[in-house]
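Here is how the chains run, residue by residue.
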Amino acid sequence: TRLVILISGRGSNMRSIIEAINHQQLDATVAAVISNRPDAAGLEYASSQSIPTKIVDHKAFADRDSFDKALAKQIDEFNPDYVILAGFMRILTAEFVEHYQNKLINIHPSLLPKFKGLDTHQRAIDAGEQEHGASVHFVTAELDDGPVIMQAKVKVMADDSAQTLAARVLEQEHQLYPAAIQKLVNSKQD
Ligand code: GRF
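The rules we used
Residues numbered from 1 in each chain as written. Predicted model: local features only at pLDDT ≥ 70, side-chain atom pairs only at ≥ 80, totals over all residues. Heavy atoms only, no water. Core = buried A, V, L, I, M, F, W, Y, C linked by side-chain atoms within 4.5 Å. Buried < 20%, exposed > 50% of the residue type's maximum accessible area, 1.4 Å probe, protein only. Helix = DSSP H or I, 4+ residues; strand = E, 2+ residues; numbered from the N terminus. Contact = heavy atoms within 4.5 Å. Salt bridge = Lys/Arg side-chain N within 4 Å of Asp/Glu carboxyl O. Pairing = 2+ DSSP bridges. Axes fitted to C-alpha atoms, helices over the stretch in contact; angles between N-to-C directions. Near = heavy atom within 4 Å. Polar contact = N/O pair within 3.5 Å; in protein donor to acceptor, adjacent residues only side chain to side chain. Areas by Shrake-Rupley, 256 points an atom, 1.4 Å probe, with all protein chains shown as cover. 1 Å grid on protein atoms, 1.4 Å probe; cavity = no way out; pocket = protein on both sides within 12 Å on 5 of 7 lines; lining within 4 Å. Sits in = over half its atoms within 2 Å of the grid points. Points joined across faces, edges and corners; volume = space filled by probe spheres on them. Nonpolar A, V, L, I, M, F, W, Y, C, P; charged D, E, K, R; others polar. UniProt positions renumbered as here; feature names shortened; annotations may be inferred. Expected span 1.5 Å × (residues − 1). Arc of directions from axis to C-beta.

(A) Geometry of the nonpolar core. Core analysis: the largest hydrophobic core is formed by 36 residues, its most contacted members being Ile 5, Ile 17, Val 33, Ile 84 and Tyr 177. Per-element tally for this core: the top contributor is helix H6 (residues 162–189), with 8 residues. When sequence neighbours within four positions are dropped, the list of residues in contact with Val 33 reads Ile 5, Ile 7, Met 14, Leu 43, Ala 46, Ile 51, Pro 52, Thr 53 and Lys 54.

And the structure:
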């Protein structure tokens, strides 16, 4: 199963996927890591793992549609089975999403359908949630709204700040994402 992973920043979820593959915990290969930001720290890690990296800089495009078209062209050169969004901080056009229907996967730091969008940890605390977590889901045209593949939960502690909660959720993300992708790999083999 060939993966292309899209990142925008540190790429800790990308790293956990690559490490799972290296430790034979995920039966897949990473064909490429692509970032919309030239300065994404995750690119260095991917290169250190001899994984091809590409940059499609959204600032170099006049509009969202032309960026998405260039990004899709770059992705398709690697012919992936799944396109994995991992800390990819761009909203994608409906055309792009349709082009990859059921092959486009994202991780969102909340127990969807709760807390779509940003600042999920602070919002969970403000809402007095007893538990919170992360969701791996298929990407659809509506933001953070596609069918959930797998979730991981954490308890919200009374003295949690958004930072301490985010750190505990991120730890779970790093186990959740490889497990969710393996579930897809298994379902494809059936
Ligand atoms: C994480 O909170 C993840 O849930 C969201 O982006 C954040 C950064 O992820 N998708 P990463 O460290 O860049 O993988």
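Let us keep going from here.
(B) Examining the pattern of salt bridges more closely. A full pass over the atoms with the stated rule returns 7 salt bridges. Linking Arg 15 and Glu 19 is a salt bridge whose minimum nitrogen-to-oxygen distance equals 3.1 Å. Here the residue Arg 15 and the residue Glu 19 both occupy positions in helix H1 (residues 12–22), the gap between them amounting to 4 residues, near one helical turn. What makes Arg 15 partly exposed here is its relative accessible area of 40%.

(C) Seen up close, the sheet that holds strand E4 (residues 82–85). The strand order across the open sheet built from 7 strands is E3-E2-E1-E4-E5-E6-E7, with neighbouring strands paired in mixed fashion. The open sheet terminates on both sides in strands that have one partner only, identified here as strand E3 (53–55) and strand E7 (148–155). The sheet shows a mean angle of 20 degrees between the axes of neighbouring strands, direction not considered. Two strands pair when backbone bridges link them, and strand E1 (residues 2–7) and E4 are joined in this way by 4 bridges, in the parallel orientation. For Ile 5, the partnering residue across the bridge sits in E4 and is Ile 84. Strands E1, strand E2 (29–35), E4 and strand E5 (104–108) of the sheet are contacted by H1, whose axis makes an angle of about 155 degrees with E1.

(D) Expanded view of the site of the ligand. Around the ligand, the neighbouring residues are Arg 10, Gly 11, Ser 12, Asn 13, Gly 87, Ile 107, Pro 109 and Glu 173. Contact between the ligand and Ile 107: a nitrogen atom at 3.2 Å from a main-chain N or O atom of the residue. The fraction of the free accessible surface of the ligand (360 Å²) that becomes covered by protein chains is 86%. Mapping the ligand onto the cavity grids shows that it belongs to the largest pocket.

(E) Representation of the layout of surface pockets. The computed volume of the largest pocket comes to approximately 900 Å³. Lining the largest pocket are 36 residues; nearest its centre among them are Gly 87, Phe 88, Met 89, Ile 107 and Pro 109. The greatest single-element share of the lining of the largest pocket, amounting to 4 residues, is contributed by H6. Per-class residue counts for the lining of the largest pocket are 16 nonpolar, 14 polar and 6 charged.

(F) Region of interest: the side chain of His 108. Its location among the elements puts His 108 in strand E5. When its relative accessible area of 4% is taken as the criterion, His 108 is described as buried. In contact with His 108, not counting residues within four places along its chain, are Phe 115, Lys 116, Gly 117, Thr 120, Gly 133, Ala 134, Ser 135, His 137 and Asp 144.

(G) Local environment of the UniProt feature "binding site: N(1)-(5-phospho-beta-D-ribosyl)glycinamide" (unreviewed entry) in the protein. Taking the UniProt record as the reference, the feature "binding site: N(1)-(5-phospho-beta-D-ribosyl)glycinamide" (unreviewed entry) is found at Gly 11, Ser 12 and Asn 13. Checked against the lining of the largest pocket, the annotated residues just named reduce to Gly 11, Ser 12 and Asn 13. Mapped onto the secondary structure, Gly 11 falls in the loop between E1 and H1. Overall, the relative accessible area of 6% leaves Gly 11 in the buried class. The topology assignment puts Asn 13 in helix H1. Contacts of Asn 13, omitting those with residues within four sequence positions, involve Ala 86, Ile 107, Leu 170, Glu 173, His 174 and Tyr 177.

(H) Quick peek at helix H3 (residues 64–76). Compared with the 18 Å implied by 1.5 Å per residue over 13 residues, the 18 Å span of H3 between its first and last C-alpha is a close match. By the burial criterion, the buried members of H3 are Phe 67, Asp 68, Leu 71, Ala 72, Gln 74 and Ile 75. The buried residues of H3 occupy an angular sector of 160 degrees when the element is viewed end-on, so they sit on one face. Exposed and oriented more than 90 degrees from the buried face of H3 are Lys 69 and Lys 73. Lining the buried residues of H3 we find E1, E2, E3, E4 and helix H4 (94–99). Near the N-terminus of H3, the side chain that reaches the backbone nitrogen of Asp 65, with its oxygen 3.2 Å away, is that of Asp 63.

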